[in-house]
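Read off the chains here:
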Amino acid sequence: MTADPPAVELKGITKRFPGVVANSDVNLTVRKGTIHAIVGENGAGKSTLMKILYGMQPPDEGEILIEGNPVKFSSPQGAIGAGIGMVHQHFMLADNFTVTENVVLGAEKLHGIGTQAKAKITEISQRYGLGVEPDTLVEDLGVGDRQRVEILKVLYRGARILILDEPTAVLVPQEVDELFGNLRELIREGLTVLFISHKLDEVRGVADDITVIRRGTTVASVKPDQVTARQLATLMVGSELPSPEARESTVTDVPVLVVRGLTVRGPDGRPIVDDATFTIHKGEVVGIAGVEGNGQAELAEAIIGMRDSAGTVELDGVAIAGWDTRRRREAGLGYIPEDRHRQGLLLDAPLWENRILGHQTEPPNAKGFLINVGGARRDTTRIVAEYDVRTPSIDVAAVALSGGNQQKLIVGREMSHQPKVLIAAHPTRGVDVGAQAAIWDHIRNARIAGMGVLLISADLDELIGLSDALKVIYGGRLVADADPSTVTPEQLGVAMTGATGEETPS
Amino acid sequence: MTTAAVGARRIDVGKLLPQLIAPVAALVIAAAISSIALLISDKDPLTAFQHMYEFGTQPDQKVEILNKASELYIAAVAVAFGFKMGLFNIGVEGQSKVAAFFAGALASASFMDWMPGGLRIVLIVVVAMIVGAAWASIAALLKTQRGVSEVISTLMLNAIGGLVVTWLLNDHWGVTEPGAQIKTTGILPEDSWMPGLPIVSGTEQKVLGFFAIAVVLGAAYWFVINRTRFGFDLRATGYNPFAAVASGVNAKRMVITAMLISGAVAGLVNLPRMLGESHTYTEGFGGIGFTGIAVALLGRNHPIGMALGAILWGFLASSQIILDLDGIPKEIILIMQGVTVLSVVIAYELAARIGRRAQQRRVGVATAAAAPAAAEVVEESK
């Protein structure tokens, strides 16, 4: 390599929150013109570290050097000034604005908002091969394109060092490949990319260097060709990576959920879920694979009764299509919603009240028309212990828990009512490896006991590993079946993009 | 391996403390701003506050403050039933007027003469609640069937309700008692006058009998909100309407039920004076419904918080008289009330954020300590 100073150098960074050390003695050297991956479990301190680098939080100790010069940022403005840009995991784009309007928003002073800005955008897009059209409305763009707009936004503001926070979480494999192509284009032009992820295979595929963070500190720096994904994972968790696979079938021939011709229409009358027909047997996990926004969320909401739908749904032989959500839940439908903050929790309410949520009418939460506070509290204590929810007390608000612990509480709550069928939408999204393994175990154990599961996930490994049968949803239709024992993530990915109307090999 | 509390509920000081400091800090700020207003009008704030305090603690004034507080408290509870689920019933004013008018008109109609006094009081209470709920149901149905915001509809129904009452009172059912200037629904027979409560010593004056009902109402409010399934659904909807729907709460039914309860309680707002003081409905009733919103905000929809808020408001309202005598414009009191509500709302929001952050930190500490132990478990499970 050249004798250039490193693009980013962090020396002995320590950040304490009262009583907790979020980062301690973090050392990181990012070579200029490389893709540098930072991997670690959720809660390992990756986000805190990136917030420090991006000027959102000052470190208590340690030094930040950008291209050899020590810097101290008091706000992201300072970091942007030093050429650091951040692409957040959740896109911050206005749907009803064009690409140009979104890019110049908040940076109007750079090149104005007119033709000059548009020319600049076109120039950046061509230079880095982003293929972004300045006049397109963002609402017409797919997820991959939106991400490129976000990257363009950062480049437009003069970034030379890009931080990407879990950029592949929302992408299908083909889009991931495109993104990686874009990133390679960026480093070819001399930019530097910091890439946060916990998808280890991807990291090994794209990064030039990998730094592993565990419990707030950097534990290893490795080259991707010198480690396997399993070794990386071991570094991350300090033990071996759990796997969703390897277990014998528990599928019976007793149907427990029979869905026929289920159709959900949008406000414009267009079907969002189109004539979905499938059967889940006792002890069977049926996985739904699909790119987000293809109707899987609406399918789940229709089955739990939150959305009006046509067609029939039978739970254990009883037609429940006309029932409201509460009656369906009482009849034995469990629900792990895809967005736990939006649909699964009362963030400001204590844990024991969150344990009641969704089962307000059932023991041990209720006695007649009254809430059984004692019963609910005792059972929350049990769930906290059995499902390893890490919390000092059941009286803390749900918002105070980490994502993994919140999800374990939700899983524990739903499992505690012995559902006949569990609708699990992205049950391990955003939770750390330890919690993920625990959640998989709970689903597997309940399945052995005869529960049926409708599993919706964007994690293809999880889908393939947990499911007994796979269906691909595209444009609201179940377009293909796949056998999880033979299908590869790549084949699934192809089917998910609707590239072929044929069945994937099974 | 977890450290969850099993036994009795622990009081979370980190979260509670800011919640207690907030209203005190807000009152100090409100007093400071009012002082500035007093200084601008060349009055000594300390003297003014001292006069207010001395006046407000006289036995007669205590009675008046409690009377005022009773009405305000009922109005606040009515508003709070909606607030708890994120429903803004701005229409307590109209609901309370329509309710008291119809209840009063029915109870003093000549065909009711046979009715014994006690029963007549019950009749007035029940009819007022039904009419209040019915008037509120218009807004509820508009919201659930047509998506009309309850803020707009209840506000408009206030105006409509007021006009309907004025029209019926003046052109149809109103009577002018001998020696009186204005029309009323007719004085109730003396046996249905609600007796006062001699609970303030040092004065002949009695606190309105409805004070006791307001206290019972507060307890009932607490019970319904915190101990019933309905109350849980109501609060869940207020915390997070999406999660509530996913948990099986029927959002439309919830709007209707909450609005009906809110309206029914609103129907009681004018009864303390109607049963214990004026013994009839006159056009002099009104204004309490709006103030109830402020009291609910002040008390954070908490049964005790709202009681303190109502008493504070009653105190401020009664001190208008003494400030007037001191030549201080009574607008100062209005400024004070306004500033109090604003600073309390802001202070509570700040306190909630600080409390939440403190708790997150605390949980961080507790779980960080547990992390090594957890790692060992993973180790073992290999």
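Residues numbered from 1 in each chain as written. Chains lettered and ligands numbered in written order. Predicted model: local features only at pLDDT ≥ 70, side-chain atom pairs only at ≥ 80, totals over all residues.

## Describing the overall build of chain A
To keep it simple, the criterion reads: We count a stretch as a helix when DSSP gives it H or I for four or more residues in a row; a strand needs E for two or more, and each element gets its number in order from the N terminus. Just to be clear, the radius of gyration here is over C-alpha atoms, and the globule rule we use is 2.2 Å times residues to the power 0.38. C-beta atoms are placed from the backbone for every residue, and two residues are taken to be in contact when these atoms lie within 7 Å.
Broken down by element type, chain A carries 18 helices and 22 strands. Scaling as 2.2 N^0.38, a compact globule of 506 residues should have a C-alpha radius of gyration of about 23 Å, and chain A matches this with 24 Å. Seen through its C-alpha atoms, chain A measures out along the principal axes to roughly 70 × 50 × 45 Å. Within chain A, residue pairs in contact and separated by at least 24 positions form 68% of the contacts whose partners lie at least 6 positions apart.

## Side note on helix α13 (residues 303-325) of chain B
All names here are of chain B. Note the following rule: For a helix, the expected span equals 1.5 Å multiplied by the residue count minus one. The reported bend at a residue is simply the angle between two axes, fitted to the 7 residues ending at it and to the 7 residues beginning with it.
For α13, with 23 residues, the first-to-last C-alpha span of 34 Å sits near the 33 Å given by 1.5 Å per residue. A maximum bend of about 30° is found in α13 at S319. One or two positions beyond α13, positive phi appears at G327, with a value near 75°.

## Brief notes about the pairing of strand β9 (residues 209-214) of chain A
Residue and element names in this part refer to chain A. Stated formally: The rule for pairing is simple: two strands pair if DSSP sees at least two bridges between them.
The pairing of strand β3 (residues 35-39) with β9 spans 4 bridges and is classified as parallel. The partner of A37 across the bridge, within β9, is I210. Bridge count between β9 and strand β10 (residues 217-222): 5 bridges; the pairing is antiparallel. In the strand pairing of β10, T211 is matched with S221. What sits between β9 and β10 in their antiparallel hairpin is a turn of 2 residues, with R215 showing a positive phi close to 45°.

## Quick look at the domain arrangement of chain A
Residues and elements named next belong to chain A. We apply this condition: Where each domain starts and ends follows an automatic or database-derived domain assignment. In this count, Pro and Cys sit with the nonpolar residues alongside Ala, Val, Leu, Ile, Met, Phe, Trp and Tyr, while Asp, Glu, Lys and Arg are called charged and the others, Gly among them, polar.
Looking at the assigned domains, one finds that chain A contains domain 1 (8-237) and domain 2 (255-348 + 416-496). The centre of domain 1, based on its C-alpha atoms, is set 33 Å off from the matching centre of domain 2. Contact residues are listed per partner, giving 9 residues for domain 1 and 11 residues for domain 2. Elements that contribute at least two residues to the side of domain 1 that touches domain 2 include exactly α7 (173-188) and α9 (229-237). Classifying every residue of the side of domain 1 that touches domain 2 by side-chain character gives 5 nonpolar, 3 polar and 1 charged.

## Quick look at the sheet that holds strand β21 (residues 469-474) of chain A
Residue and element names in this part refer to chain A. Spelled out, the test is: Between the N-to-C directions of two axes lies an angle of 0 to 180 degrees, each axis being a line fitted to C-alpha atoms and, for a helix, fitted only over the stretch in contact.
Read across the sheet, 6 strands follow the order β16-β19-β20-β13-β21-β22 without closing on themselves; strand pairing throughout is mixed. Edge positions in the sheet fall to β16 (333-336) and β22 (477-482), since each has one partner strand and no second. Across the sheet, the mean angle separating the axes of adjacent strands is 20° when strand polarity is ignored. Relative to β22, β21 runs antiparallel, the two sharing 5 bridges. Counted as the bridge partner of L470 is A482 from β22. Taken strand by strand, helix α15 (residues 403-415) contacts β16 and β19 (421-425), and its axis lies near 175° from that of β16.

## Describing the confidence of the model for chain B
All names here are of chain B. In plain terms, the rule: Here pLDDT means the predictor's own confidence in every residue, given as a number from 0 to 100.
When pLDDT is averaged across chain B, the result is 87; 92% of the residues are at 70 or more. In the predicted structure, residues 1-8 sits below a pLDDT of 50 and forms 20 contacts with residues beyond four places in sequence or in another chain. Under the prediction, the complex receives an ipTM of 0.85, its pTM being 0.77.

## Some details on the packing of helix α3 (residues 59-83) of chain B against α13(B)
Residue and element names in this part refer to chain B. Quick note on the threshold: Throughout, the term roughly parallel applies to angles under 35 degrees, roughly antiparallel to angles over 145, roughly perpendicular to angles from 65 to 115, and oblique to all others. The sense of a crossing depends on the near helix, which, turned anticlockwise from the far helix by less than a right angle, makes the crossing left-handed and, turned clockwise, makes it right-handed.
Axis separation between α3 and α13 bottoms out at 7 Å; the angle between their running directions is 135°. In terms of axis orientation, α3 runs oblique to α13. Considering only the axes of α3 and α13, their crossing is right-handed. Listed contacts from α13 to Q61, E64, I65, L66, K68, A69, L72, Y73, A76, V77 and A80 of α3 are M306, A307, G309, A310, I311, W313, G314, F315, A317 and S318. When its residues are assigned to classes, the contact of α3 with α13 shows 15 nonpolar, 4 polar and 2 charged.

## Section: the environment of I210(A)
Assignment of secondary structure puts I210(A) in strand β9. Through-space distance from the C-alpha of I210(A) to that of V39(A) is 7.2 Å; in sequence the pair is 171 residues apart.

## Considerations on helix α11 (residues 271-278) of chain B
All names here are of chain B. Going by this rule: Every C-beta atom is placed from the backbone, and the number of other C-beta atoms within 10 Å of a residue's own sets its class: buried at 20 or more, exposed at 12 or fewer, partly exposed in between.
For α11, the buried fraction is high: 6 of the 8 residues fall into the buried class. For α11, every residue scored as buried is listed here: L271, P272, R273, M274, L275 and G276. Where α11 is buried, its residues contact α3, α4 (92-107), α5 (117-146) and α7 (210-227). Residue H279 follows α11 closely and has a positive phi angle near 60°.

## Some thoughts on the pairing of strand β7 (residues 161-165) of chain A
Residues and elements named next belong to chain A. What counts is decided by this rule: Crossovers are described as right-handed under a simple rule: with the strands pointing away from the observer, the path leading from the first strand over the helix to the second runs clockwise.
The buried fraction of β7 amounts to 4 of the 5 residues, a majority that puts the element mostly inside the structure. With 4 bridges connecting them, strand β6 (residues 84-87) and β7 associate as parallel partners. If you follow G85 over to β7, its bridge partner there is L162. In terms of strand pairing, β7 meets strand β8 (residues 192-197) through 5 bridges, oriented parallel. Each residue of the ladder has a partner; that of I163, found in β8, is L194. Traced from β7 through α7 to β8, the parallel crossover comes out right-handed.

## Digging into the nonpolar core
Inclusion rule: We define a nonpolar core as a collection of buried residues of the types Ala, Val, Leu, Ile, Met, Phe, Trp, Tyr and Cys that are connected via C-beta atoms lying within 7 Å of each other.
Counting 250 residues, the largest nonpolar core has L162(A), I423(A), A75(B) and A76(B) as its most contacted members. The greatest single-element share of this core, amounting to 15 residues, is contributed by α3(B).

## Section: unusual backbone geometry
Residue and element names in this part refer to chain A. Between P363 and the following residue, P364, the backbone shows a cis peptide bond with an omega angle of 5°. Along the chain, P364 falls in the loop between α13 (351-356) and β17 (366-367). The backbone of E166 shows a phi angle near 40°, a positive value even though the residue is not glycine. Its 19 C-beta neighbours within 10 Å are what place E166 among the partly exposed residues.

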